[in-house]
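Results of the structural survey
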Amino acid sequence: MVLVNEILRQIVEVDRPMNWGGLATLKPYAGFFVDEDVKCLKKAMDAKGVDEAAIVKILSNRSWDQRQQIAKAFERQHNANLEEALKKKLSGYLENVMVSLLRAPEKQDAQELKQAMAGLGTDEDSLIEVLVTRSNKELQLITQTYAREFGKPLEQVLSGEVKGRLQTLLLTLLKGQREEDSNIINYELIEDDARHLHSVASQKKPDFDSWIPILTERSQTHLNRVFKLYKVYSAQDISETVRKQMKGDDEKGFLALVQSIQNTPEYLADRLHLSMKNLGTKDGVLTRLLVAHCEKDLLSVRAAFKNKYGKSLYSTIRDDTKGDYQTALLSLCRGEDM
């Protein structure tokens, strides 16, 4: 017990979680004038061949609040929905970026989840990515928005698309019951959770369902302390346990959750790297990540990307995309990291 207490003390001393807040790349445009932007957008859409560059210059350089002001003013002045107008004038990957920028985050996430479950074959990676990286409030808004937009409860649709332990994990995450980070350190609970995780993993036939309440309800700071003590008990990182003892969708879901808890920026950097790693960019994934995080924490993701892969996110996007679509994404990324 003395040894455990000493280990816990060291874990708490070393573990000072970094605050990634305020690390947006896309900030409010200083010279914002809503009527001028509306005028320029209308002119760009009415131009012969459509002036895509002008549309990109405005929408990918305005904050969420500014883009909403533009959309409302456009509808008021021209009696037309800006999102629908853009859909008629643009196409392909560029259309996806511009339309995504105009949607409320919860509406865009609901659309992403619907698309991930549409047609033959479910995109589990996208489902997992969205659900493991959203806050309690964001998850609640996504659930409400999905039901309102598509007429079915998200839980019901998800249950029909995903089975087994991954279904249980995702449905539990969707409830948004994670505790908020606190300055209060519960040493006893850290030890209890670490011992429980290790005890389950040590069984011949582990029941990893019992991991789910701990991994989905404890705060991120608490879990990082638990994971460090778990490594003392098991002599391996918890992510290694997942890789060695789980397979298929279970491994995919639990590994993403653990990695996002341990280091959210690095997990997102990995997702961005995978979207551009091989021939054929996963443009939907790339766009989703940049739009979802450019006004939250993309600076931290950029730093993690450069640190892990030795090349900046900006340069990687530039080398992997082209045209006005490239310009839009680079505007969201915002800068080179030397």
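These notes cover the structure that comes with them.

1. Quick look at helix α8 (residues 124-133)
Counted residue by residue, α8 has nine buried out of ten residues, so it is predominantly covered. For α8, the set of buried residues is Glu124, Ser126, Leu127, Ile128, Glu129, Val130, Leu131, Val132 and Thr133.

2. Re the packing of helix α11 (residues 164-174) against helix α16 (residues 248-262)
As a packed pair, α11 and α16 sit with axes 8 Å apart at the nearest point and diverge in direction by 30°. It follows that α11 is roughly parallel to α16 by the angle criterion. Residues Arg165, Leu166, Leu169 and Leu173 of α11 form the contact with α16, whose own contacting residues are Asp249, Asp250, Gly253, Phe254 and Leu257. For the contact of α11 with α16, the class distribution of residues is five nonpolar, one polar and three charged.

3. Topic: the nonpolar core
If you look at the biggest cluster of nonpolar residues, it comprises 93 residues, and the most contacted ones within it are Ile55, Met98 and Trp211. Residues in contact with Trp211, not counting those within four places in the same chain, are Leu197, Val200, Ala201, Tyr230, Ile238, Thr241, Val242, Met246 and Phe254.

4. Quick notes on the environment of Thr168
With respect to the helices and strands, the residue Thr168 is situated in helix α11. Look at Thr168 and you get partly exposed, because its relative accessible area is 35%.

5. Overview of unusual backbone geometry
Among all residues except glycine, the phi angle is most often negative; among peptide bonds, the trans geometry is most common. Phi is positive for Val50, which is not a glycine, with a value near 65°. Counting through the fold element by element, Val50 comes out in the loop between α2 (34-46) and α3 (52-59). One non-glycine residue, Ala235, adopts positive backbone phi at about 65°. With respect to the helices, strands and loops of the structure, Ala235 is situated in the loop between α14 (220-234) and α15 (238-245).

6. Some details on the side chain of Thr143
With respect to the helices and strands, the residue Thr143 is situated in helix α9 (residues 136-150). Of the residues examined, Thr143 reaches a relative accessible area of 16% and is grouped as buried. For Thr143, the side chain forms a polar contact with the main-chain oxygen of Leu139, separated by 2.9 Å. Discounting chain neighbours no more than four positions away, the residues touching Thr143 are Leu154, Glu155 and Leu174.

7. Describing the layout of surface pockets
In this structure, the second largest pocket spans a volume of roughly 410 Å³. Residue lining of the second largest pocket: 21 residues in total, with Ala104, Pro105, Glu106, Val291 and Ala292 positioned closest to the centre. Secondary structure elements with two or more residues in the lining of the second largest pocket: α4 (64-78), α6 (92-102), α7 (105-116), α9 and α18 (283-293). Grouping the amino acids of the lining of the second largest pocket by side-chain chemistry returns eight nonpolar, three polar and ten charged.

The rules behind the values
- Along each chain, the written sequence defines residue order, and numbers are assigned to residues from 1.
- With the structure being a predicted model, the display of local features is reserved for residues of pLDDT at least 70 and the display and counting of side-chain atom pairs for 80 or more, all residues being used for whole-chain, interface and lining totals.
- Derived side-chain values reflect all non-hydrogen atoms in the structure, with water molecules and hydrogen atoms excluded from consideration.
- The cut-offs for exposure are 20% and 50% of the maximum accessible area for each residue type, with area from a 1.4 Å probe on protein chains only; residues under the lower value are buried, those over the upper are exposed, and the others partly exposed.
- Secondary structure counts use DSSP, requiring at least four H or I residues in a row for a helix and at least two E residues in a row for a strand, with both numbered from the N terminus.
- Axes, fitted as lines to C-alpha atoms, cover a helix only where it is in contact. Angles between the N-to-C directions of the axes lie from 0 to 180 degrees.
- Each angle gets one of four labels, with under 35 degrees taken as roughly parallel, over 145 as roughly antiparallel, 65 to 115 as roughly perpendicular, and the rest as oblique.
- Residues count as neighbours in contact if any of their non-hydrogen atoms are within 4.5 Å of one another.
- Just so you know the grouping, Ala, Val, Leu, Ile, Met, Phe, Trp, Tyr, Cys and Pro go in nonpolar, Asp, Glu, Lys and Arg go in charged, and all remaining residues, Gly too, go in polar.
- Buried residues of nine kinds, namely Ala, Val, Leu, Ile, Met, Phe, Trp, Tyr and Cys, make up a nonpolar core once their side-chain atoms join them within 4.5 Å.
- Counted as a polar contact is a pair of N or O atoms within 3.5 Å, where, for protein atoms, one must be capable of donating a hydrogen and the other of accepting one, and residues adjacent in sequence contribute only when both atoms are in side chains.
- Cavities and pockets were defined on a 1 Å grid built over protein atoms only: a cavity is a set of grid points that admits a 1.4 Å probe from which the probe cannot escape, a pocket is an open set flanked by protein on both sides within 12 Å along at least five of seven lines, and lining residues are those with an atom within 4 Å of any such point.
- Grid points are joined across faces, edges and corners, and a volume is the space filled by probe spheres set on the points.

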